[in-house]
Amino acid sequence: MIAKYWKKIGLVILLIACIFNIMSKLVHKLSLNKEMVSSAIYMLQNQEETNKEK
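This text gives an overview of the structure that appears in the document. (Residues numbered from 1 in each chain as written. Predicted model: local features only at pLDDT ≥ 70, side-chain atom pairs only at ≥ 80, totals over all residues. Heavy atoms only, no water.)

A few words on the overall build of the chain. Check the secondary structure of the chain and you find one helix and zero strands. Computed over C-alpha atoms, the radius of gyration of the chain comes to 23 Å, more than 25% over the 10 Å expected from 2.2 N^0.38 for 54 residues, which places it beyond the range of a compact globule. In terms of overall dimensions, the chain has C-alpha extents of about 80 × 10 × 5 Å along its principal axes. In the chain, buried positions account for 0% of the 54 residues. For the chain, the accessible area works out to roughly 5600 Å², and carbon and sulfur atoms hold 70% of it. In the chain, the 8 positive side-chain charges and the 4 negative ones have mean positions that sit 32 Å from each other. (Helix = DSSP H or I, 4+ residues; strand = E, 2+ residues; numbered from the N terminus. Rg over C-alpha atoms; globule rule 2.2 N^0.38 Å. Buried < 20%, exposed > 50% of the residue type's maximum accessible area, 1.4 Å probe, protein only. Areas by Shrake-Rupley, 256 points an atom, 1.4 Å probe, with all protein chains shown as cover. Lys, Arg positive; Asp, Glu negative; His and termini not counted. Charge placed at Lys NZ, Arg CZ, Asp CG, Glu CD.)

Here's what the structure looks like:
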């Protein structure tokens, strides 16, 4: 029975793997976006403090 449906089973496994890959990339992209924003805020605050000291 498995020999008859091996292509369909393989495609289902591949589809599930692709969905998990895409979802993990989206989750990491959002956290990376937050990290970039917080880094930009830190840099701006540091630059403002440097300008005040001059």
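Bringing a nonpolar patch on the surface into the picture now. A contiguous nonpolar patch, built from Met1, Ile2, Tyr5, Ile9 and Ile13 and spanning about 580 Å² of accessible area, is present on the exposed surface. Within the fold, isoleucine 2 resides in the segment before α1 (6-53). (Patch = residues over 30% accessible without salt bridge, like charges linked within 9 Å, V, L, I, M, F, W, Y side chains within 5 Å. Salt bridge = Lys/Arg side-chain N within 4 Å of Asp/Glu carboxyl O.)

This part covers the environment of valine 12. Mapping valine 12 onto the fold places it in helix α1. What makes valine 12 partly exposed here is its relative accessible area of 49%. Between the C-alpha atoms of valine 12 and leucine 32, which are 20 residues apart in sequence, the distance is 30 Å.

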